[in-house]
Amino acid sequence: MSDSPPASDGRHGVPWPQFAKDLSDPAKAHDKPEALDDLRVLDVSSGNFAALFTSSILAEFGAEVIRVEPPTGDVARLYSPEGVTHRGTGLAYLVEARNKRHVTLNLHTEQGRLLLVRLARHVDVLIESELPGQMDAWGIGYRQLSVLNPGLIYLAVSTHGQFGPRAAQVMPDYDITDQALSGVPYVTGEPEGEGPAESSAPTKQGNWIGWYVGGGFGALSVLAALHWRVVSGRGQFLDLTPSEAEMRFSDAGVIWYHAAQRIQERVGGLHIQVFPYTLIKTKDSYSFVAGFSDINFTGLTNIMGRPDLKERFATTKDRILKARELHQELERWSADLTAEDILHRFQDYMVHKRGPGTVATARLNRPEEVLAEPHWWERGVLQKVDDPDYGELLLQAPPWKMSRTPPRIKWACRPVGADNEHIYLKLLGLGKGDLQALRTAGVI
Amino acid sequence: MAEREAQEYFQWTAALFDRARVFDKPEALRGIRVLELTTLVLGPTTADFLGELGAEVIKVELPPGGDTMRYVTPEATYWKNASLGFYPENHSKCHVGIDLHAEDGKALFRQLASRSDILVENFRAGTLDTWGIGYRQMQQGNPRLIYVADSGFGQWGPFSQGRASYDAVAQTVSGTIAITGFTGRPPILCGIFIGDWFGGLMAATAALVALHHRDRTGEGQLIDFAQSEGLIRTLDWTWVRLGLTGRDRGPAGNRDEALVPAEIFPCRDGYVAVAAARDAEFTGLCQAMGEPALASDPRFATLPARQKPEHMNPLLDTIRAWAGTLARAEIEAAGARHGFAATRVATARDKHDDAHLRARGSVWQYEDPLYGEMVEQGPAVKLSETPARIKWAAKPVGWHNHDVLMRLLGLSPSHIKDLEERKVVGQWADRNGARPPADWSGGPRI
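Procedures and definitions
Residues numbered from 1 in each chain as written. Chains lettered and ligands numbered in written order. Predicted model: local features only at pLDDT ≥ 70, side-chain atom pairs only at ≥ 80, totals over all residues. Helix = DSSP H or I, 4+ residues; strand = E, 2+ residues; numbered from the N terminus. Buried ≥ 20, exposed ≤ 12 C-beta atoms within 10 Å, placed from the backbone. Contact = placed C-beta atoms within 7 Å. Pairing = 2+ DSSP bridges. Axes fitted to C-alpha atoms, helices over the stretch in contact; angles between N-to-C directions. Parallel < 35°, antiparallel > 145°, perpendicular 65-115°, else oblique. Left-handed = near helix turned anticlockwise from the far one by under 90°. Nonpolar A, V, L, I, M, F, W, Y, C, P; charged D, E, K, R; others polar. Domains from an automatic or database assignment. Core = buried A, V, L, I, M, F, W, Y, C linked by C-beta atoms within 7 Å. Right-handed = clockwise from strand over helix to strand, strands pointing away. pLDDT = per-residue confidence, 0-100.

J.: How should the overall build of chain B be read in this particular structure?
T.: In terms of regular secondary structure, chain B is built from 17 helices and 14 strands. Considering chain B as a whole, with its 446 residues, one finds that 60% of them fall into the buried category. Summarising the internal contacts of chain B: among those between residues at least 6 apart in sequence, 69% fall at separations of at least 24.

J.: Looking at this structure, how should I read the overall build of chain A?
T.: Across its full length, chain A carries 19 helices and 14 strands. Projected onto its principal axes, the C-alpha coordinates of chain A cover approximately 80 × 60 × 45 Å. Of all 444 residues assigned to chain A, the portion counted as buried reaches 59%. Taking all contacts inside chain A whose residues are at least 6 apart in sequence as the whole, residues at least 24 apart take part in 70%.

J.: Would you explain the sheet that holds strand β1 (residues 40–43) of chain A in this entry?
T.: In sheet architecture, strand pairing relies on hydrogen bonds along the backbone and comes in two forms, parallel and antiparallel. Read from one edge of the open sheet, 7 strands run β5(A)-β2(A)-β1(A)-β6(A)-β7(A)-β8(A)-β14(B), paired in mixed fashion. Strand pairing shows two members of the sheet lacking a second neighbour, β5 (100–104) of chain A together with β14 (382–383) of chain B, which therefore form its edges. Examined bridge by bridge, strand β7 (residues 153–157) of chain A and strand β8 (residues 236–240) of chain A share 5 bridges and lie parallel to one another. Bridge assignment links A:V157 to a residue of β8(A), and that residue is A:L240.

J.: Quick question: what am I supposed to make of unusual backbone geometry here?
T.: In most cases, non-glycine residues show a negative phi, while peptide bonds are predominantly trans. All names here are of chain A. The omega torsion across F275 and P276 is -5°, close enough to zero to call that bond cis. Residue position: P276 is located in the loop between α10 (253–260) and β9 (277–281). Look at K353: it is not a glycine, yet its phi comes out positive at around 45°. Inspection of the secondary structure puts K353 in the loop between α15 (339–351) and β11 (360–363). K353 sits in the exposed class, given 8 other C-beta atoms within 10 Å.

J.: Help me out: how do you make sense of the packing of helix α8 (residues 209–232) of chain A against helix α7 (residues 194–217) of chain B in this one?
T.: Helix packing for two helices is described by the angle between their axes and how far apart those axes are. For the pair α8(A) and α7(B), the least separation of the axes is 9 Å and the interaxial angle reads 25°. One element, α8(A), and the other, α7(B), form an angle in the roughly parallel class. For the pair α8(A) and α7(B), the crossing hand works out as left-handed. On α7(B), the residues that touch A:I209, A:V213, A:G216, A:F217, A:A219, A:L220, A:L223, A:A224, A:L226, A:H227 and A:V230 of α8(A) are B:I194, B:F198, B:L201, B:M202, B:A204, B:T205, B:L208, B:V209, B:L211, B:H212 and B:D215. Along the lines of polarity and charge, the residues of the contact of α8(A) with α7(B) split into 17 nonpolar, 4 polar and 1 charged.

J.: Mind showing me how you'd approach the domain arrangement of chain B here?
T.: By domain assignment, chain B separates into domain 1 (3–234 + 375–421) and domain 2 (262–346). A separation of 41 Å is found between the C-alpha centroids of domain 1 of chain B and domain 2 of chain B.

J.: Whenever I open this one, helix α10 (residues 279–288) of chain B confuses me. Can you help?
T.: One turn of an α-helix holds 3.6 residues; hence residues three or four places apart share an orientation. Residue and element names in this part refer to chain B. Among the 10 residues of α10, 7 are classified as buried, and the element is accordingly described as predominantly covered. Listed in full, the buried residues belonging to α10 are E281, F282, T283, G284, L285, C286 and A288. Buried residues along α10 sit against α13 (328–338). Count one or two residues on from α10 and you reach G290, which has phi positive near 75°.

J.: Hey, could you run me through the interface of chain B and chain A in this one?
T.: In many reports, interface size means the accessible area that the parts give up when they come together. Taken together, the contact between chain B and chain A spans 156 residues of the former and 157 residues of the latter. Broken down by element, the residue count for the side of chain B that touches chain A peaks at 15 residues, all from α7(B). As defined by bridge partners, β8(A) adjoins β14(B) across 2 bridges and the pair is classed as antiparallel. When the bridges of β14(B) are listed, A:L238 appears paired with B:L383.

J.: Explain the sheet that holds strand β10 (residues 270–275) of chain B here, please?
T.: All names here are of chain B. Taken in spatial order, the 3 strands make up an open sheet running β9-β10-β11, and their pairing is antiparallel. Each having just a single partner strand, β9 (262–267) and β11 (341–344) make up the two edges of the open sheet. Averaged over all adjacent pairs, the angle separating strand axes in this sheet is 20°, with direction ignored. Pairing between β10 and β11: 4 bridges, direction antiparallel. For V274, the partnering residue across the bridge sits in β11 and is A342. Together, β9 and β10 form the strand contacts of helix α12 (residues 309–323), whose direction differs from that of β9 by roughly 30°. Lying over the sheet, α13 contacts β9, β10 and β11, oriented at roughly 160° with respect to β11.

J.: I'm lost on the environment of A:T282 in this one. Help?
T.: Residue and element names in this part refer to chain A. Note that T282 resides in the loop between β9 and β10 (286–290). Between the C-alpha atom of T282 and that of R363, which follows or precedes it by 81 residues, the distance is 9.3 Å. Other than its neighbours up to four places away in sequence, T282 contacts S287, S334, L337, T338, A339 and I342.

J.: It is not clear to me how the nonpolar core should be interpreted in this structure. Could you clarify?
T.: Buried together is how nonpolar side chains tend to be arranged in soluble globular proteins. B:A207, B:I223 and B:V274 are the most contacted members of the largest nonpolar core, which totals 271 residues. Setting aside residues up to four positions removed in sequence, B:I223 forms contacts with A:W400, A:M402, B:I146, B:Y147, B:V148, B:A149, B:A203, B:A206, B:A207 and B:A210.

J.: Would you mind showing me how to read the pairing of strand β1 (residues 33–37) of chain B here?
T.: Every regular strand shows the same layout, with side chains that alternate between the two sheet faces. All names here are of chain B. Most of β1 is tucked away, with 4 of its 5 residues classed as buried. Pairing analysis gives 4 bridges linking β1 to strand β2 (residues 56–61), with the strands arranged parallel. Following the sheet pairing, R33 is matched in β2 by E56. For the handedness criterion, the β-α-β arrangement of β1, helix α2 (residues 42–52) and β2 is classed as right-handed.

J.: Even after reading the chapter, I still don't get the environment of B:E103, so can you show me in this structure?
T.: Tracing the backbone through its elements, the reader meets B:E103 in helix α3 (residues 103–114). Sequence-wise, B:E103 and B:V424 are 321 residues apart; in three dimensions their C-alpha atoms are separated by 8.5 Å.

J.: Sorry if this is basic, but what is going on with the confidence of the model for chain A here?
T.: Where the model shows low pLDDT, its predicted coordinates should not be examined in detail. Overall, the predicted model of chain A reaches an average pLDDT of 95, with 97% of residues at or above 70. Here residues 1–10 of chain A is modelled with pLDDT under 50, and outside its nearest four sequence neighbours on either side it reaches 9 contacts, counting other chains as well.

J.: Looking at this structure, how should I read the pairing of β11(A)?
T.: Residues and elements named next belong to chain A. Residue alternation in β11 divides its side chains into two sets, A360 and A362 and T361 and R363, and both sets are buried. Where β10 lies against β11, 4 bridges are found, and the strand directions are antiparallel. By the bridge assignment for β11, F288 is matched with A362.

J.: Whenever I open this one, the confidence of the model for chain B confuses me. Can you help?
T.: Mean pLDDT over chain B stands at 97; residues scoring 70 or higher make up 100%. The ipTM assigned to the predicted complex is 0.98, against a pTM of 0.97.

Written out as structure tokens, the structure reads:
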């Protein structure tokens, strides 16, 4: 199979978007091989969507992921707005169970831990989210398992990590506390005095961004460790904290304090590094607009028909320091326009190259409005998955388009313990009778 | 867990992950070369995350101005003539200035790509294809090449053509902004470039997936990554609820709607986040508040009961009233003692001064040959055998021209001089953001 047609077949005359689509359309994913189908992953995490996102990524790329839950199911299955469940499972878990096998195992029993040791011999990656030291105290931590399986890549997820002055502090890992520690809420939201006290406060992202960033770094580090294992044959211990993962993203935060002893504060919808780069009120909604470098600001003022603003806000520094004033000018302009009008004017300027500068805009979309954009459906970003156990579910698909080994969703979720017979037979040779005995003993 | 056992475990981890021993260990991506032709944050972070793990990153910029991010810095202030916004996504890279509008510049870039494992670019879709240095051309010379095309809206599809994008465009179109903040207040941007950073993380992850495929088969491939699509992926239960119930999601302030209790509360000297979703943790929180009876109150005893809005609201009011009387450190200590999650909302100073983060290298202190003492956010994940690391800080435009062109392409000093005279190869403009510190007096370019 070849990515690249020979030069003689004329396809080099194909426009780039068509060429790229032919190569990477996720609609054709199921006809192509999977990059990680040589990998087996044991995810024994508990109530932790950072860990679950890591194993989702690995599963999307073809790894055989085995989710190990306690016999009553992972508490993660309860996390849901207003406690809503669908066929017995909370909404959040339905999103991050994709392509995973589901078995039960009670790690609070001696027999359960012995079974985990046996399973760990057969896997490449193990993911856990117990308090640091708990797995080790149970005799199933990296120290013990790596003796039996030196190639094992062991990912431990926690808030403060496996070492350092706070490592031994009891701290269950949650998205909201990860976000708080990262420092991102401190710089997000309206400054004090801008509105009611309740909302003039450090503001979290609405979604579980701390957990998702943590999970992404989990996958990145597992894959780096996997490459190292190909090179060296050795596994390793990966210590991941979603709080530090999101903190890594905090722009110039720490270096600004180091350089100038300045603490970044909140500016609401404005921005301290680039302006205009902001949300403005329109006739029908809000729009984001950007044009912050000198040339791009020229483009923006051309579109607004306000060349005088170029004089009044001549430098990058002027625009940042007088952002409030400039923001008012923008909203004066946008008050009689719809978001669609603005997008049309920007596109006209860009596509017809009516002047210098690159300008960007977007209408503020509620999730329901996101669903109404054909672009995402054409690119397979959102997908209706027909799941054998849970019916039709609308899910966010893996975000990458890849020419040779595209990711994919095969199924959405499985009931608690649904794969016990398959997995325990395949990996440990346990038959129905064995499983019945384990069930009676409360082990599975 | 027995006290003595626990102590022994943390002694073992302290030795295993010792920050002082990082440079005595190998790097996971040693020998992997990344060629980066990117600007701002999305593309540079893609390469930076690979660089932290040991890949050699060659960052090509158009001289003399270079990457736009060199001019994006808090309140437009420069430090030692450099942008503070440029450092966090440009570590340990080799900076090369090549004019890609010149035919000879393109030829140099093609040669570098033929010697690279991963190429990262973030031009608008199809730009490099038009220039003759895109995926179609590069993979012919190097079929093992992993080509990462980062963008706002992808390489194809209705929004991919002629539509510019930034981090905040991704935040806006993905639904992220619509579900963040407070009802009835104007929408807010995330205080960091979250769509860019998360996008860089996702793109780097896919590059390593492709590397594993290449390890197995020898084949490279094209990766089309759009940052808006990255953020759509992070919206947890938003889409599945819309699909099942038709119910849209709006902002919910500072509470977590799916876990109860979990909210950011004001306290005496700042803000704290508190969370206790599991029943045992919730019992601990009730004890800490001096309200042990709440733990067995049928309205609050189980997570499904606490999740009901009519129960959640009074419960969060109770916790808010308790937190308001205490200091951040007192609430953190209560959490540690009673087994629930509690932590301050950290400021930049909190992070900078934190001994725990310093010991872990999550705040990374080092001495750069050009900029002296540096303190930055460090690599996120700790790998016991192949720890990630920062070696040096971002450098002026074209700083490593001679090193890269001699070492990788075997060009002689006179050849390079000729390229410089013809402005095919170049270095920094004499302006802040591009140039070295004022006290730099020539000398070796490390």
